[in-house]
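# Coordinates in review
The primary structure of each chain is shown beneath.
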Amino acid sequence: MGTLAQEKIRQFSATYLIKTVSECFKKIPDHRPNKCIIPFTNFLKSAFAMMHLKCDSLLAFDKERFEKVNSYNLKKLYLVKDGTVPSDTRMREVLDPVDPIEFKTPFKKLFNIVQRNGALKGFEFKCGKLKDHYLLPVDGTGLFYSGSCRCDDCCIINKGKKNEAYYHNIMGGCIVHPTQKTVLPLAPEAICKQDGTTKNDCEKVAIRRFLAQVKHDHPQLKLIILLDGLYADNPTIALIREYGWHFIIVAKDGNHVSLIEAMNELYDQGVVKHHTIVDKQKNTTHRFRYANNVTLNLQDVAEQVNVLDYIETDKYGNSHVWCWITDIELTENTVESVMRGGRCRWHIENQTFNTLKNKGYQLEHSYDHGEYHLATNFAYLTFLAFLVDQIQELACPRFQQALNKPAKPTRKRLWKKFPAYFLLC
Ligand SMILES: [Zn+2]
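Presented here is an overview of the structure given in this document. None of these values were measured; they are calculated from a predicted model.

### Describing the coordination of the zinc ion
Only Cys151 (SG), Cys154 (SG), His168 (NE2) and His369 (NE2) from the protein coordinate the zinc ion, and they sit 2.1 to 2.3 Å from it. Taken together, the four donor atoms surrounding the zinc ion define angles of 101 to 131° at the centre, an arrangement classified as tetrahedral. Along the chain, the residues donating to the zinc ion fall in the pattern C-x2-C-x13-H-x200-H. Of this pair, cysteine 154 sits in the loop between β2 (130-146) and β3 (155-157) while histidine 369 is found in the loop between α12 (346-358) and α13 (374-395), placing the two residues 215 residues apart along the sequence. Neither cysteine 154 nor histidine 369 differs from the other in exposure class; each is buried.

Structure representation (C-alpha cells):
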C-alpha cells in the first residue's frame, strides 16, 4: 500500500479523529476563577468520551472510569491528561457555563479531514448542469420537555399558567447522498432562548443562524438545501439564493394553495409537462408533472419557483405522491434526479435523528439539565460523537471490519464491544 493511501487510512482512524477533537478543545477558554488540579480540557475530553462510548448516564461513566479498559482508553485514546477524569458532580458544574458555540469548531475540522482525503467525492450529487454539488437536508427535532426542570436556555410554553412547561429543540443538517448509508452532520444549532431576548426561539429563526454558520464554515461548498414544507416561504428561499445555493423544498396542499392553483391553471393552458419512467426491474412506475417559473404565493415580492409533482406506483399498485419546489430547471433529463434528491430529506429524520435517539446515542436522554447550557452542550457533544462514528463508518477500514464482522451487523453490538475494540487495536 502506498504512503498516500496509508496516510488517508491514518487520518480516518479513531486515534486521529479524536485527537483532532481534543486539539479544538484546547482553544475553549477555561471559565473557572480558581484553576484546580484537573486541567479544564480533561472535563471536555471526558464528556466527549462519555458520549462517544455511549454511556447511559454520568453516574455510570463515573463508576466505569476506573475499569481497566476504560481507564486505558481515556488516557491513550481520548487524551485525558494523566487519566484524571473528573467526578460526575464536577463534570456538571464545569460544563454547565461553557458557551455551546465553542463546540462547533470540531465539526468543521472533522469535515475538512473528509474533504481533503477525497471521501466527500462519494456524496457528489449530479443533476443536469449541476455537477459537484452536495445535498444538505436541514430540520429541527425535540430534545427535552419538562413541567418542572428548566435552565437559562429553556423555551417556555404556557408562560405564567398552571401548566407552564420547558423545552429544548435542536436543528440538524447533514451532507447526504441517495446511495450513501452514512451521513455527515455539520455543526447543529440549538433552538433555545437566545441571549438578550424574552421570546421563544423557533425553527424558522434558527434555520437562518444554522445556514449562516454553514456559509461561514464552508464558503466554497456548493449546496442544495433540502427542507420540509414549513420552510417553503419567500424569506428562506431568498436567503438560500443569496448564499448562492440551490433548494428542493416540500410543497404541501394546505400551505401552498395559490401555488397549486397556479399549477392547475398552467395545466389547463397545456403548459405543464409530463414524463414517465418505468422501472421494469422493480416493477415501479414514476410519473412526473412539472412546470418552471411559477409564482410561489400571492405576496408582493414572491419568489419564482419550479414545481415538480411526482407519483410513484409500486408493484402492488400502491401510489405515493410528493410535490417539491426547486430552483433547479425541470426538464425530462433532471426530474428524476430532483426527485431522488428531494427524497433524501428523509436522511435527516431516519439516518440522523432516529439514530441519535434510538440507536445507542440517546440524544433525548437527560444526562443532567444544569442551570445554564449543560443540556445544550451534551446535545452538541452527542452530535460530535456521531460525526466521528459516521466518518469512520464511511472511510475507516478497521471500523468497517468491526461493524461488519457478524452476518447481521448491528451498531448496538459494536457499541458494546467498543471500549475493548480500541484496547486491542
Ligand atoms: Zn433548559
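### Overview of the pairing of strand β10 (residues 284-295)
Strand direction decides the pairing type here: strand β9 (residues 273-279) and β10, joined by seven bridges, are antiparallel. Directly across from lysine 273, in β10, lies its bridge partner tyrosine 290. Counting the residues in the hairpin turn of β9 and β10 gives four residues, including asparagine 283, whose phi is positive at 55°. Direction of pairing for β10 relative to strand β11 (residues 304-313): antiparallel, over a ladder of nine bridges. Of the residues in β11, the one forming a bridge with valine 294 is valine 305.

### Concerning the packing of helix α7 (residues 105-116) against α13
The N-to-C vectors of α7 and α13 enclose an angle of 5°; their axes lie 10 Å apart at closest approach. When the axes of α7 and α13 are compared, the pair comes out roughly parallel. On α13, the residues touching Pro106, Phe107, Leu110 and Val114 of α7 are Tyr380, Phe383, Leu384, Leu387, Val388, Ile391 and Leu394.

### Focus: the pairing of strand β12 (residues 319-326)
Here three bridges tie strand β8 (residues 246-250) to β12, and the two strands are oriented antiparallel to one another. Bridging across to β12, isoleucine 249 finds its partner in isoleucine 325. Of the strand pairs in this sheet, β11 and β12 are connected by eight bridges, and their pairing is antiparallel. Residue isoleucine 311 lies in a different strand from β12, and its bridge partner there is valine 321. In this antiparallel pair of consecutive strands, β11 and β12, the connection spans five residues, and glycine 317 shows a positive phi of 90°.

### Describing the pattern of salt bridges
Here the structure, examined in full by the defined rule, presents 21 salt bridges. Between aspartate 139 and arginine 345 there is a salt bridge; the shortest N-O distance is 3.2 Å. Here aspartate 139, found in strand β2, pairs with arginine 345, found in the loop between α11 (335-343) and α12; they are 206 residues apart in sequence, far enough to count as distant. Arginine 345 shares its class with aspartate 139; the two are buried.

### What about the side chain of arginine 32?
Following the sequence through the fold, arginine 32 ends up in the loop between α2 (14-25) and α3 (40-52). Looking at arginine 32, its side chain comes within polar contact range of the main-chain oxygen of isoleucine 38, at 3.0 Å. When neighbours within four sequence positions are excluded, arginine 32 is seen to be in contact with Ile38, Pro39, Phe40, Phe43, Arg90 and Val94.

Rules used throughout
Residues numbered from 1 in each chain as written. Predicted model: local features only at pLDDT ≥ 70, side-chain atom pairs only at ≥ 80, totals over all residues. Heavy atoms only, no water. Donors = N, O, S within 2.8 Å, 3.2 Å for Na, K, Ca; no water. Tetrahedral: all angles 85-135°; square planar, octahedral: opposite > 155°, others 65-115°. Helix = DSSP H or I, 4+ residues; strand = E, 2+ residues; numbered from the N terminus. Buried < 20%, exposed > 50% of the residue type's maximum accessible area, 1.4 Å probe, protein only. Pairing = 2+ DSSP bridges. Axes fitted to C-alpha atoms, helices over the stretch in contact; angles between N-to-C directions. Parallel < 35°, antiparallel > 145°, perpendicular 65-115°, else oblique. Contact = heavy atoms within 4.5 Å. Salt bridge = Lys/Arg side-chain N within 4 Å of Asp/Glu carboxyl O. Polar contact = N/O pair within 3.5 Å; in protein donor to acceptor, adjacent residues only side chain to side chain.

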